[in-house]
Amino acid sequence: MMMYEGFAVSEKGYQHILNHTVCQDSTQYLQDADCVVATVADGHGSKQYFRSDRGSRFAAEIACNKIREFLKSITFPFPDSKTKKSVVTQLIHSIITEWHIAVRNDLIKSPFTPNELERVPEKYQKTFQFFTEENYRAHTESEVSDLIQKEHSHVQKAYGTTLIAVGLCKSYAIGLHIGDGKCVALYEDGTMEPIPWDENCHLNRCTSICDKNAASEFRCHIWDNQIPVAIFLGTDGIDDTFAEMLHSFYRNVALDFLHDNFRKRTEMLQANLANISKSGSHDVSIAGILDVQKLSAIEQTLQQITKLETLTAQKKHLQDTIQELQFQLEKIQRLLSQSAETPETEEKIKRYLET
């Protein structure tokens with residue numbers, strides 16, 4: 001019997017609420033007696049990705065189903081590294097293929113509307129212009145489908161999204177990741193380890209499931225020797241909010257699940273996301289897989305690590321404050337040394353202190 005449980009929560013970014021923008025994040029989790037799977041997907045926010053909320057939903061749902069199938073059909077241990085690489089590659093390709101099929105079906109059923117296209121930057125207009133109801137009337141569904149296939153990685157950009165997906169069964173766990181956001185594993189000694197960061201994601205550049213070479217951009221991590229006691233997946237809205245305190249945040253989330261009914265704690269975390277979203281413009285989403293029994297055994301360790309991290313953060317804040325005060329003191333001393341005390345010098349110091 002699986003001791004792990006899963007959850008998935010999401011909240012529209014505060015600025016998106018003010019701007020009446022749809023939530024572009026999607027989350028999903030599945031669990032049964034044999035496995036638990038959780039996913040988060042973050043639809044891209046730029047104007048050319050105007051259906052990314054749909055794209056993220058497709059990605060989260062498809063990845064959940066495909067990974068569950070994988071966990072039930074691929075047994076551990078893997079015969080060799082070559083076989084392991086082969087089956088993982090097949091899994092990634094199956095997720096990407098199903099996502100493109102979902103996009104194609106959605107586009108055939110719901111052509112782009114004039115209202116959608118008027119918000120698209122001019123340089124992208126030509127790519128999307130054919131896929132409107134007006135142009136569909138002159139073509140068969142098969143012709144439209146063929147053109148969508150031909151325009152692979154161009155028209156699909158409208159649905160572009162990142163994806164983090166993790167599945168866990170009795171003998172191993174697998175994590176897949178494309179784009180930004182972070183997946184972090186918590187071990188029995190209280191340490192945390194992320195799926196390696198994608199160096200191709202920086203500033204406004206982010207790898208995506210809609211990329212033509214998406215299969216090679218996926219990162220994969222398999223836990224077969226040491227399965228974590230908890231795995232957390234978060235979109236970049238969570239990263240931006242907690243930054244260097246991300247691991248501490250997740251340890252506190254794990255501790256919170258020890259003191260409430262699992263589903264009640266999930267509801268409380270969902271409610272808390274509304275406050276978290278107010279600190280930034282992004283949507284915020286978290287999914288997780290936890291073994292509450294194993295977490296209970298290391299509760300004291302987690303509390304000690306969290307306390308140490310809090311004290312370290314407070315120490316750094318004090319050091320930064322002292323450094324800033326020293327800078328201000330040195331500037332005042334320079335003003336005083338520039339000339340003898342005169343009303344003009346005193347006025348300069350007064351103005352500086354007021355700022």
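Everything below is about the structure printed above this text.
Sequence order sets the numbering: in each chain, residues are counted from 1 along the sequence as written. Two thresholds apply to this predicted model, a pLDDT of at least 70 for residue-level local features and 80 or more for giving and counting side-chain atom pairs, whereas whole-chain, interface and lining totals are computed over all residues. As a convention, hydrogens and water are excluded, and side-chain values are obtained from all of the structure's heavy atoms.

Undergrad: Which parts of the structure should I look at to understand the environment of alanine 165?
TA: Within the secondary structure layout, alanine 165 lies in strand S4 (residues 163-169). Alanine 165 sits in the buried class, given a relative accessible area of 0%. Whether two residues touch is decided by their heavy atoms; if any such pair falls within 4.5 Å, the residues are in contact. With residues up to four places along the chain from it excluded, the contact list for alanine 165 reads Ala38, Thr39, Ala63, Ile67, Ile174, Gly175, Leu176 and Leu233. Secondary structure elements are taken from DSSP: a helix is a run of H or I of four residues or more, a strand is a run of E of two residues or more, and numbering for both begins at the N terminus. For every residue, the accessible area obtained with a 1.4 Å probe (protein chains only) is divided by the maximum for its type, and the residue is called buried under 20%, exposed over 50%, and partly exposed between those limits.

Undergrad: Help me understand the packing of helix H2 (residues 52-73) against helix H3 (residues 81-109), please; the structure alone is not making it clear to me.
TA: Describing two packed helices takes the angle between their axes plus the distance from one axis to the other. In this analysis, axes come from line fits to C-alpha atoms, helices being fitted only over the stretch in contact, and the angle between any two N-to-C directions falls in the range 0 to 180 degrees. Look at H2 against H3: their axes get within 9 Å of each other, and the N-to-C directions meet at 145°. The handedness of the crossing between H2 and H3 is right-handed. Contacts between H2 and H3 involve Arg54, Gly55, Phe58, Ala59, Ile62, Ala63, Lys66, Ile67 and Phe70 on the former and, on the latter, Val87, Val88, Leu91, Ser94, Ile95, Glu98, Trp99, Ala102, Val103 and Asp106. Its residues assigned to classes, the contact of H2 with H3 comprises 13 nonpolar, two polar and four charged. By definition, turning the near helix anticlockwise from the far helix through less than a right angle yields a left-handed crossing, and turning it clockwise yields a right-handed one. Side-chain classes follow a simple rule in which Ala, Val, Leu, Ile, Met, Phe, Trp, Tyr, Cys and Pro form the nonpolar group, Asp, Glu, Lys and Arg form the charged group, and the remainder, Gly included, forms the polar group.

Undergrad: I'm lost on the sheet that holds strand S10 (residues 284-291) in this one. Help?
TA: One key point about sheets: their strands pair by backbone hydrogen bonds, in either a parallel or an antiparallel sense. If DSSP finds at least two bridges between two strands, the strands pair. Reading across the sheet, the five strands line up as S1-S10-S9-S6-S7 and stay open at both edges, with antiparallel pairing between neighbours. Since the sheet does not close on itself, it has two edges, and those belong to strand S1 (4-11) and strand S7 (192-194), each with one partner. Neighbour-to-neighbour, the strand axes of the sheet open up by a mean angle of 15°, direction not taken into account. One ladder, built from five bridges, connects strand S9 (residues 230-234) with S10; its direction is antiparallel. Pairing of alanine 230 across the sheet is with leucine 290, part of S10. On the sheet, helix H10 (residues 246-256) packs against strand S6 (182-186), S7, S9 and S10 and is oriented at approximately 55° with respect to S6. Lying over the sheet, helix H11 (residues 262-277) contacts S1 and S10, oriented at roughly 25° with respect to S1.

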